[in-house]
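One letter stands for each residue in the lines below.
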Amino acid sequence: MTSVRDWAEPNPVTENRGGVIGKGVDRYEGALKVTGTAPYAYDTVAPSPPAIGVLVTATIPRGRVTSVDTAAAEAAPGVQLVWTHLNVPAQAPRGTRANPRSQRASNPALGSDRVEYYGQSVAFVVADTFENARAAAELVKVAYAAEPAVVDFMASFDQATLPPDEEDVHIGDFHGAFAAAPVTIDETYFSPIQNHVQMEPCATIAWWEGDKVTVHTSIQMVKGGQHALAETLAIPSSDVHLLTRYIGGGFGGKGQPYDDLILSALAARALKRPVKVAYTRQQMFHGTIHRPAVDMRVRLGAEPNGRLTAFAVEATTHCARAATFTEHAANFSRNLYAAPNRLTGHRLVRMDLPHAGPMRAPGEAPGMLSLECAMDELAEKLGLDPIELRIRNEPDIDPETGKPFSIRQLVRCMTEGAQRFGWERRNPVPGQVRDGRWMVGMGMAAAIRGNFLLPAKAGVRIDAGGIITLRQGMTDIGTGTYTILAQITAETLGVPLGHVRVEIGDSDFPPAPGSGGQFGAATAGSAAFEAGMNLRRALTELAVGDPNSPLYGGPAEYVTFENGVIAIENRSETLAALVGRAAPDGIYVEGSISPAADARDYSQHTYGAHFAEVGVNQVTGEVRLRKMFGVFAAGRILNAKTAKSQITGGMIWGVGTALTEVNAVDPRFGSFVNQDMAEYLAPVHADIVDLDAMFLDEADDKANPMGIKGVGELGIAGAGAAIANAIYNATGVRLRDYPMTPDKVLAGLMAKGL
Amino acid sequence: MRTTITVNGTARTLDVDPRTTLLDALREHLGLTGSKKGCDHGQCGACTVLVNGVRINSCLSILAMHDGDQVTTIEGLGQPGALHPVQQAFLERDALQCGYCTPGQICSTVGMLQEAADGWASKETADLSAPTALTDAEIRERMSGNICRCSAYPQILAAIRDLAGEVA
Amino acid sequence: MKPFTYERAADAKAAVKAVAENPGAKFLAGGTNLLDLMKLEIETPTHLVDVGRLPFAGIEATDEGGLRIGGAMTNAKLAAHPKVRELYPVLARAILAGASGQLRNKATTAGNLLQRTRCDYFYDTAKPCNKREPGSGCSAIGGPGGYGAIFGASEACIATHTSDMAVALTALDASVETMTPDGGARTIKVEALHRLPGASPQVETDLAAGELITAVVLPPPPAGGQAYAKVRDRASYAHGLAMVAVAGGRVAFGAVAHKPWRAEKAEAALAAGASAAEAASAEVAGADADDRRAHKIALVRRLAAATIEDAGSAR
């Protein structure tokens, strides 16, 4: 098995002789995207014109469908089928796996008369046109027998239990130390339900050729989607060809398949023609997963000098009864600050709301909103600068496991950020700075997000023209995967970027786990690197073994690859010449990566520090961003441009988290009050003022052969807390209930007599 | 019903259900899938196209309203290898991530720059009678009808800043 | 969306006749609100009469020294018009505070006035709503939202009118000119165009079926300053939580009632020499709201005081 020691050896990527690694090259598929010619799932041209499917969704949170009147819909113009649980074709029972190695189990659509959440699919209409399908869907009349439903999270804490296979983590004697601490904080913070609101609603187009189905869908995990469809339809996964080449945003919400995938495939089979299905924007809110609400109690005990003696983060969250998921909002705190006496844990309420699931930085995103404000509150109580407080609690080893850090530059992120942001301009006394009607303040927060490496494969092929094609069952959800795979492949094989093609998002290709958990670049990229190294070896053998090659008989260990040329000192030829002559059919090899046996001997994370300046309108309570800057340490950066886009995108999610984003539940109906983009307020351009970020130089040789780490989720971790702390610094009003909308801020201002 | 529109310079006659939106006509009947459906209710801007040079949400129009109109979609601005300056600026500044809102952002930028050139004011304009200066705040406000959930806003701003001088 | 037939009106008379004679017919102008609602089957016309290209899209000076704005003029063009910017800045500012550039390019003057509420429950067809389905009940009452009406609400409806433009027009004492079903004309003050919900919130204006707004008439600009303010959760492209328009001694609020709300008590206070804060307090003293909306009263009071101050309308 691999050891992290093997990864410390120099290699083409870490040596970066071609200079391709780290360079801010343009997005590989950028020209397609800026011209509208990148085909997303619903844009895909099928072999023949598709019929259009539209979902009908439940309007109760829990109960049973007692009857469905489909007569009017069936008689409507252009309608080709109307399905309910009574007549949908047979599917494998939920949760079953015919193939034990399937990554996902069967998940039938319209599988029974049970309604488990508001917005669950209860009927499905297919018609010749979208206009006819949408109108017919409105004609389906569903009657329900509603049952009592648990939908009010704040009123259901008495039902909270430990999440499955989980215990609280106690280290030392938290309660004793907290009771004895001279300075304490004991506060509760609330992060509400949030929604991914990917710009592209979930969509699939499906068609059959014989027993094989082709689906173009919008999903972050290729194998997961392929296996779920195969298991649900009870067919071999080899009969499912799933493609997901361009994805209009995922953020975790498309990590799993939805009913568009299943029903388009079933309907295409039944109708013997292609069928495409898209969720409406409104259906996305209930019909796909959301980030659950989290109630977080933070207790900190400190010495007057700021050293933490007692540390507790306890998070209570919720999930759907039928889909267990825990938002691990306390996990991050186990690795962040030193304190000898610790208590961390989670409680879970099972509810009858739509499914909770992962959303960008699950755990950290809501979790850091609590502790990073509590640290600000503690700093003020101690009369310390918030950065100084954090530095005084900087651990030498992982505070919970005692393991060494692979690398940890949190303090540098904070000090570098403070200097570049102008933290010295901050008045530590809140409510002192005015700009007309605006009260101005600054806040900061730390960021931490775990780093992961999963098993993955990749295939790489060189053709007779010297063009290299990387193929991988990987996805690019806007993260820059296409681009960094091209860069890794080019650098590994010493060829110009223009000689590399990248083909991903196809279940026929060597599997990778997909996009999620900010593991994509490291995981898929490392497999691509290994495949590239294998191709180097194959090309070396080919050259030194080919009597017609100038390299013939040369020592393999002296072979170099540079600018498309293979050489041993002054004996050289182009790769195109070599392959064209000696392997005219091209060469294809695969490579794979898996976690090192000793990787878990290190505490491995990405880090950062956020700095924010906000204005708070003293008349209205409106909060507006004035400036935000982040400094991050996330291993070797593959592409300066796309990595920065990822990290600033995450920061902006933090702004939304702090100020505008919430799916309010109406407990009378078990549904979200807001279910469109006019009322679920993702930040708009005007919300984001003077926001920038930078990366520290870093390479983490315990992470993978390239020393890279993820950047997709780090940016949101802690960002909202920096905003909240800035609101406090501006006004002296400490809010602990996100998002910090004008009504809450104004109430705080008025309570202070402002 | 029959409607004739000129799309990207070519006259096209369609005989479609009156319920067909301009967006769906472009996408489903003319194969121009560059314009995207993000919300179908004018709440996101992904469907933005230019009608007679003016940016609108094509999802909140039915085709029939546009008989005789000139429609420009993202496909009509430029193609890979022959990018429009706005497309080129977006590419160079990495003003996109997933790319789904991008065609709308770019069409909106083209329309917005013309509005600014015509001297139109915005919410951010301090003096309503002064000539329009495309400050960062002006660009941000004028582009707020195009939501980018990947949040490429700083990069979009940089791209438009590059253009504001030369196009406006 | 229910099936419908479509015609483009040849002239205003034909348009009015077509809608007046067909109970299922509606005027279509910009479509930004009507088509939005039709997709959800909140609006279900069987026939659309497109008035978007009738010759009511211009702007002209009136003999009285004001402006006549065509009903089909787009919001964008109205806000951009030099005379509006110079003489009626509160109107330009109100329009520019609303929607997005794209929507303002399509939405019309008349359509903006007639836009329907943004109440979440009006938009959610799975929930009772007296405005959508008379007699079904009001889901907003007792719901978790905090931004319903604080003036003139009824037990049947607490929805608000969320037009920005209409608030400025109310403060400017504008009128609408209509063509009536019999081909005649009448003039209605903007402040009298919309109704309070009472027991029939589905009836939102005093317009007859088929009555077409052909123009909005602005009187000469009032003496004194003008100012517009809007509070919203995000910095742009969001419906207002509260709006205030001030034009000389006239004050109007938005998003506080089923109609653009003329703040007559505030105006009277100003006329009597009150301070901005006193005038604002005088108006909201008449506000009525449950606990959830109590904060909104404070918000409106503070916003009104600040906006009156900005306009220089107080002593």
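Predicted, not measured: the structure shown is a model, and the values here were computed from it.

Asker: Even after reading the chapter, I still don't get the domain arrangement of chain A, so can you show me in this structure?
Answerer: Reports often express the size of an interface as the amount of accessible area lost when the parts come together. Residue and element names in this part refer to chain A. The domain architecture assigned to chain A consists of domain 1 (4-38 + 455-594) and domain 2 (363-452 + 600-751). For domain 1 versus domain 2, the separation of C-alpha centres amounts to 37 Å. Between domain 1 and domain 2, the residue contacts involve 33 residues of the former and 26 residues of the latter. Inspection of the region where domain 1 meets domain 2 yields one salt bridge. Note that Lys641 is salt-bridged to Asp26, the shortest N-O span being 2.5 Å. Elements supplying a minimum of two residues to the side of domain 1 that touches domain 2: α1 (4-7), α2 (12-15), α13 (481-493) and α14 (520-544). Here the element with the most residues in the side of domain 1 that touches domain 2 is α14; it accounts for seven residues. Looking at side-chain class alone, the side of domain 1 that touches domain 2 contains 14 nonpolar, 15 polar and four charged residues.

Asker: Would you mind showing me how to read helix α13 (residues 294-311) of chain C here?
Answerer: Since the α-helix turns once every 3.6 residues, residues separated by three or four places project in the same direction. Residue and element names in this part refer to chain C. Along its 18 residues, α13 runs 26 Å from first to last C-alpha, staying within 8% of the 26 Å computed at 1.5 Å per residue. By the criterion of burial, α13 is predominantly enclosed, with 14 of the 18 residues buried. Trailing α13 by a residue or two, Gly312 shows a phi angle of about 70 degrees, which is positive.

Asker: Quick question: what am I supposed to make of the interface of chain B and chain A here?
Answerer: In this assembly, 49 residues from chain B lie in contact with 60 residues from chain A. In total, chain B and chain A occlude about 4,400 Å² of area from one another, counting both sides; carbon and sulfur atoms represent 56% of this. The interface formed by chain B and chain A contains six salt bridges. Measuring nitrogen to oxygen at the nearest pair gives 2.7 Å for the salt bridge that ties Glu28 of chain B to Lys276 of chain A.

Asker: Please clarify how the packing of aromatic side chains should be interpreted in this entry.
Answerer: The description of two aromatic rings rests on the distance between their centres and on the angle between their planes. Using the criterion set out here, one finds 18 aromatic pairs over all chains in the structure. Residues Tyr40 of chain A and Tyr100 of chain B carry aromatic rings whose centres are separated by 5.2 Å and whose planes lie at 85 degrees to one another, so their mutual orientation is edge-to-face. With Tyr40 of chain A in the loop between α3 (30-34) and β1 (51-57) and Tyr100 of chain B in the loop between α3 (85-92) and α4 (102-117), this residue pair bridges two chains. Here the aromatic residues Tyr28, Tyr40, Tyr246 and Tyr482 of chain A together with Tyr100 of chain B are joined through ring pairs into a cluster of three or more. The ring of Trp653 of chain A carries the charged tip of Arg149 of chain B above its face, separated from the ring centre by 3.9 Å. One residue, Lys127 of chain C, lies across the ring of Phe669 of chain A, its end atom 4.9 Å from the ring centre.

Asker: Before we go on, may I ask you to explain the pattern of salt bridges in this structure?
Answerer: When charged atoms on two side chains of opposite charge get close, those side chains can pair. Residues and elements named next belong to chain C. In total, this model carries 80 salt bridges over all chains according to the counting rule given. The residue Glu204 makes a salt bridge to Arg116 at a minimum N-O spacing of 3.0 Å. Pair noted here: Glu204 is in the loop between α10 (190-193) and β8 (212-218) and Arg116 is in the loop between α7 (109-113) and α8 (120-123), with a separation of 88 residues, a long-range link. Residues joined by salt bridges that share partners form a network here, namely Asp173, Lys189, Glu191, Arg250, Arg262 and Glu267.

Asker: How should I be thinking about the confidence of the model for chain C in this particular structure?
Answerer: When pLDDT is low, close inspection of the predicted coordinates is not appropriate. Considering every residue of chain C, the mean pLDDT works out to 96; 100% of them sit at 70 or more. Here the predicted complex carries an ipTM of 0.98, next to a pTM of 0.98.

Asker: What's the story with the side chain of His610 of chain A in this structure? I'm lost.
Answerer: Residues and elements named next belong to chain A. Mapped onto the secondary structure, His610 falls in strand β25 (residues 605-617). Assessed through its relative accessible area of 0%, His610 is described here as buried. There is a polar contact of 3.5 Å between the side chain of His610 and the backbone oxygen of Gly715. A polar side-chain atom of His610 sits 3.4 Å from the main-chain amide nitrogen of Ala719.

Asker: Is there a simple way to think about the interface of chain C and chain B in this case?
Answerer: Taken together, the contact between chain C and chain B spans 39 residues of the former and 41 residues of the latter. Taken together, the links from chain C to chain B amount to 24 residue pairs in polar contact (both at pLDDT 80 or more). Counting only elements with at least two residues in the side of chain C that touches chain B, the list comes to β1 (5-8), α2 (34-39), β3 (47-50), α3 (75-80), α5 (89-96) and α6 (101-104) of chain C. Residue contributions to the side of chain C that touches chain B peak at four residues, all from α5 of chain C.

Definitions and limits used
- Residues numbered from 1 in each chain as written.
- Chains lettered and ligands numbered in written order.
- Predicted model: local features only at pLDDT ≥ 70, side-chain atom pairs only at ≥ 80, totals over all residues.
- Heavy atoms only, no water.
- Domains from an automatic or database assignment.
- Contact = heavy atoms within 4.5 Å.
- Salt bridge = Lys/Arg side-chain N within 4 Å of Asp/Glu carboxyl O.
- Helix = DSSP H or I, 4+ residues; strand = E, 2+ residues; numbered from the N terminus.
- Nonpolar A, V, L, I, M, F, W, Y, C, P; charged D, E, K, R; others polar.
- Expected span 1.5 Å × (residues − 1).
- Buried < 20%, exposed > 50% of the residue type's maximum accessible area, 1.4 Å probe, protein only.
- Buried area = accessible area lost by both parts, 1.4 Å probe.
- Phe/Tyr/Trp six-rings, centres within 6.5 Å; stacked < 30°, edge-to-face > 60°.
- Lys NZ or Arg CZ within 6 Å of the ring centre and 35° of its normal.
- pLDDT = per-residue confidence, 0-100.
- Polar contact = N/O pair within 3.5 Å; in protein donor to acceptor, adjacent residues only side chain to side chain.

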